[in-house]
Structures are given as C-alpha cells and as structure tokens.
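Each chain, written out:
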Amino acid sequence: MDISELNQTIGEIEADVAAKLAVTTAIDALRGYETAIVGKKGSLGSLIASIKDYPPDQRGGVGQAINEAKQRVQAKVAERLGQLQAEHAAKEASQASTFDPTLPATPRPMGSVHPVTAVQWEIERAFERLGFTVEAGPEMEEEYNNFEALNIPPTHPARDMQDTFWLKNGMVLRTHTSPVQHRSMLKFGAPLRVIVPGRCFRYETIDASHENTFHQVEGLMIDRDISIPNLIAMARTLLAEVMQREVELRVRPGYFPFVEPGIEIDMNCQICGGSGCATCKRSGWIEILPAGMVHPNVLRAGGIDPEEYTGFAFGLGLTRLAMMKFGFRDIRVLNAGDLRALVSPRRLGGPTIPRRQEGATSTASCDSTS
Ligand code: DAH
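Residues numbered from 1 in each chain as written. Predicted model: local features only at pLDDT ≥ 70, side-chain atom pairs only at ≥ 80, totals over all residues. Heavy atoms only, no water.

A short note on the overall build of the protein chain
Moving on, step 1. When you go through the protein chain residue by residue, the secondary structure sums to nine helices and nine strands.
Moving on, step 2. Against the globule reference of 21 Å for 370 residues, the protein chain gives a C-alpha radius of gyration of 42 Å, more extended than a compact globule.
Moving on, step 3. Taking the principal axes of its C-alpha atoms as reference, the protein chain extends roughly 135 × 45 × 40 Å.
Moving on, step 4. Of all 370 residues assigned to the protein chain, the portion counted as buried reaches 46%.
Moving on, step 5. When the accessible surface of the protein chain is summed, it comes to about 19,000 Å², and 53% of that surface belongs to carbon and sulfur atoms.
Moving on, step 6. Where the 39 positive side-chain charges of the protein chain centre and where its 45 negative ones centre are 5 Å apart. (Helix = DSSP H or I, 4+ residues; strand = E, 2+ residues; numbered from the N terminus. Rg over C-alpha atoms; globule rule 2.2 N^0.38 Å. Buried < 20%, exposed > 50% of the residue type's maximum accessible area, 1.4 Å probe, protein only. Areas by Shrake-Rupley, 256 points an atom, 1.4 Å probe, with all protein chains shown as cover. Lys, Arg positive; Asp, Glu negative; His and termini not counted. Charge placed at Lys NZ, Arg CZ, Asp CG, Glu CD.)

In structure tokens:
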C-alpha cells in the first residue's frame, strides 16, 4: 500500500480503537484488546513488518507514522484503563462498607452477672412457673424470727448448729432464709407458695468451703394434703432445670427443728457425675436440699392451723449450687470481687475463671455453704 493508503488504514484503526474503548468496561478485555492492536501480530503492530516494502527514502516516515499511532493508541488505552480501575475501586469500597448511618442503634450487652445471681434468676423463673411468689426478708433479723418462730427455743441444742453474729441492738444477722417462712405465713396465711432467695451469715472461719456470707433459697408450700412426694417432685424439677440435665436424687433422714419429718435431698455430684471426686468427698453425692414437712409448731406460730393445712419447706444451698453448676472449687472466689468469676451475659453457661484441676481443695459440705 502507498503512504496515503497507510495513513488511511492507521486513521481507521485509531477510529476503531476510540469506538471500542468507549464501550469496553472490563479491565481484562481492555488489556487483551491493546495487544490485538499494538502487539506484533496486531492490526497496527503488524504494519511494522511492511516497512521494508517501502522505498528506502520513505521507510523512516512510515515507521514514524506507525510508531506515533501506536503511542496514541497505548495512551488512549492507558487512560481508559485508569478510568475503569478507579470506577472498580469505588464500587468495591461501597460494597465492603456495611455501615448504614440510617439504621437504629443496636444495644450491645453490657456488664455481667455474678454466678450466684445467675443461678438465683434461673430458680426464680422456674418457681414462678410453678406458681410461687418470690419474697425477700431483712438480713438483720429478730432473734425470735430466726429461732423461736422456727421451733428453736433459746435453750435448744439446735442453736449450736448455727454460729450467729449477734448485734448490739439484740438482733442477729440471719443465719438462714428460714425466718421468712414465718414472715410469709403472717403476711399471706394459707394456702401459700413462696421462695425466698437471700444472703445469710454465720460466724465462721473462712476456708475453701466455708464462708461467713453465703446465699440460700428458702421454699415453702402450704396447702391441704401436701406431702413428701410433692416435695421430691418439685426438687427434681428444680434441680434438673438449673443443671439443664436430668439429675439423680437420694433422700436421707435429716434433723431440723422446724420440720417433721426432716430429710436431706442429695444430688449426684455434677462435677464427677457420681463416680467420686474431691468435691463430693468420694461419695458421688452432694447435699443440696435440706427439707421436710413444716413442723406443726411452726405453722401455729405463723397463725396457720396444722389440723387443716400441711406444707413442705426446703433451704436450697444457692451458693453451693452455683459452685456446682459453674465448677468452682473454692467458695472464696465468689465474695472476693474477682472479675474473672463473673458470668458473661453472652455465655451464662459458664464463668470466665479457669477451672482448677480435680483433686484440689474440696467444696466439702458444711452448713455455711448450704
Ligand atoms: N435453714 C436450714 C439451714 O440453714 C436449711 C433448711 C433445712 C431449711 C430444712 C428448710 C428446711 O426450710 O425445711 O441449715
């Protein structure tokens, strides 16, 4: 082809390139297209090979024309490539951002719950479903309510079962939640269903299994024809609910002046499953629920006729149950303000404190963990 034909061809190629670039949006396609034009075998690139066919005096001009065209094409492709890359990055950035300032604020769970509180709430929910009311009583209690009203007269040896903090005003720090049995009978009369979670105090030397401050949940159900099987059925429901699995129970006789008969309901040890460990003193059982049928003297003191009504009562060791549930082997952790003992609201299934190895200090049974 002569020079004018060559220039025309180059012009057509460049026009073609301009049209193509305007409609190409894919970066890869653009790169491939560039090669198809300026590459050795491309429509422009291959013209280089024809330079030798021109008379020697024209070859320089032909080469220059082709090269300049190549440079223009490359510059146009690069410009379009830059445009496409910028568009692409902007699109990706907008997709990656999930922040939507128009959405309402979602509250994040804040703070956490003490293990004893967590178990207390579970018990309250379970009993509320069974028709029980949740009551509270004072921690500073009349001596009469803590003892006499519960069939423990001043000279009774059963007073020795509970080491008491006596206050200068003649009152006591309650040694158990049982005084609220008396208060509830006076307040509501019969029939009656209450539970009383609360803090109790005993004059104790503190060690891994003894605390001077611990929690119980008192339970009291008074109605016509209440008997021990009602009590055992309730105990089974309650403990299975808290441990979130079926538990085995064992019933033994027990002595408490405010019940007759008195029983001890034991649960198979939840740490070793019943095979025997330090926590259950190798017995496989944990004393968890002292209970019994309310003594007629206690009903009478509460203004309820024992000929007409019977009832059961229990004093659940809340602190001990929390230790069982969460695997704490040292009771002192619970009152020490150790933040690692707190139960995350997201995982009420367990505390963040590392569990100690089996065979370490036991949570031996004692009144002050009950
Ligand atoms: N108050 C008792 C204690 O702290 C526990 C208890 C035993 C409570 C038997 C009861 C009961 O209501 O029936 O040792």
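Here we look at the side chain of His210
Moving on, step 1. Relative to the elements of secondary structure, His210 occurs in the loop between β4 (192-201) and β5 (213-223).
Moving on, step 2. Owing to a relative accessible area of 19%, His210 belongs among the buried residues under this scheme.
Moving on, step 3. Polar contacts involving the side chain of His210 include one to the side chain of Asp207, which spans 2.7 Å.
Moving on, step 4. A polar contact is formed between the side chain of His210 and the side chain of Ser209, at a distance of 3.3 Å. (Polar contact = N/O pair within 3.5 Å; in protein donor to acceptor, adjacent residues only side chain to side chain.)

Examining helix α3 (residues 56-96)
Moving on, step 1. The end-to-end C-alpha distance of α3, which contains 41 residues, comes to 60 Å, matching closely the 60 Å that a straight helix rising 1.5 Å per residue would cover.
Moving on, step 2. Inspection of α3 places Val62, Gly63, Ala65, Ile66, Ala69, Val73, Val77, Arg80, Leu81 and Leu84 among the buried residues, and these make up the whole buried set.
Moving on, step 3. Packing partners of the buried residues in α3 comprise α1 (3-23) and α2 (27-38). (Expected span 1.5 Å × (residues − 1). Contact = heavy atoms within 4.5 Å.)

Quick word on the domain arrangement of the protein chain
Moving on, step 1. On domain assignment, one finds that the protein chain holds domain 1 (3-97) and domain 2 (115-347).
Moving on, step 2. Just the C-alpha atoms count here: the centres of domain 1 and domain 2 sit 89 Å apart. (Domains from an automatic or database assignment.)

Notes on the site of the ligand
Moving on, step 1. Taken together, 16 residues lie around the ligand, and His176, Ser178, Arg202, Gln216 and Glu218 are the ones closest in.
Moving on, step 2. One nitrogen or oxygen atom from the side chain of Glu218 is found 2.7 Å from an oxygen atom belonging to the ligand.
Moving on, step 3. Protein contact buries 98% of the 350 Å² of open area that the ligand shows by itself.
Moving on, step 4. Going through the elements one at a time, β5, β8 (285-294) and β9 (310-317) are the ones with two or more residues in the shell around the ligand.
Moving on, step 5. Class assignment for the residues of the shell around the ligand results in seven nonpolar, seven polar and two charged. (Near = heavy atom within 4 Å. Nonpolar A, V, L, I, M, F, W, Y, C, P; charged D, E, K, R; others polar.)

Digging into the packing of helix α7 (residues 228-243) against helix α9 (residues 318-326)
Moving on, step 1. Where α7 contacts α9, the axes come no closer than 10 Å and their chain directions differ by 45°. The angle between α7 and α9 falls in the class oblique. Taking contact as the criterion, the partners of Leu239, Val242 and Met243 in α7 are, on α9, Leu321, Met324 and Lys325.
Moving on, step 2. Each residue belonging to the contact of α7 with α9 can be placed in one class, and the counts come to five nonpolar, no polar and one charged. (Axes fitted to C-alpha atoms, helices over the stretch in contact; angles between N-to-C directions. Parallel < 35°, antiparallel > 145°, perpendicular 65-115°, else oblique.)

Points about empty space enclosed by the protein
Moving on, step 1. Enumeration according to the criterion identifies two cavities of 30 Å³ or more in this entry.
Moving on, step 2. Roughly 50 Å³ of volume is contained in the largest cavity.
Moving on, step 3. At three residues, the largest contribution of residues to the lining of the largest cavity is made by β5.
Moving on, step 4. Among the residues forming the lining of the largest cavity, the class breakdown is four nonpolar, five polar and one charged. (1 Å grid on protein atoms, 1.4 Å probe; cavity = no way out; pocket = protein on both sides within 12 Å on 5 of 7 lines; lining within 4 Å. Points joined across faces, edges and corners; volume = space filled by probe spheres on them.)

Side note on the pattern of salt bridges
Moving on, step 1. Counted under the stated rule, the structure contains 15 salt bridges.
Moving on, step 2. Of the charged contacts in the structure, one is a salt bridge between Glu143 and Arg159, with a shortest N-O distance of 2.7 Å. Here Arg159 lies in the loop between α5 (143-146) and β3 (172-173) and Glu143 lies in helix α5, a separation of 16 residues in the sequence.
Moving on, step 3. It is possible to trace a salt-bridge network through shared partners that takes in Arg250, Arg252, Asp266 and Glu287. (Salt bridge = Lys/Arg side-chain N within 4 Å of Asp/Glu carboxyl O.)

Thoughts on the pairing of strand β7 (residues 259-268)
Moving on, step 1. Counted residue by residue, β7 has eight buried out of ten residues, so it is predominantly covered.
Moving on, step 2. Taken together, the five bridges between strand β6 (residues 249-253) and β7 define a ladder with antiparallel strand orientation. Across the sheet, the residue bridging to Val251 is Ile265, located in β7.
Moving on, step 3. The hairpin turn running from β6 into β7, its antiparallel successor, is five residues long.
Moving on, step 4. Here β7 runs beside β8; their pairing, made up of eight bridges, is antiparallel. The residue bridging Met267 from the neighbouring strand is Ile286, located in β8. (Pairing = 2+ DSSP bridges.)

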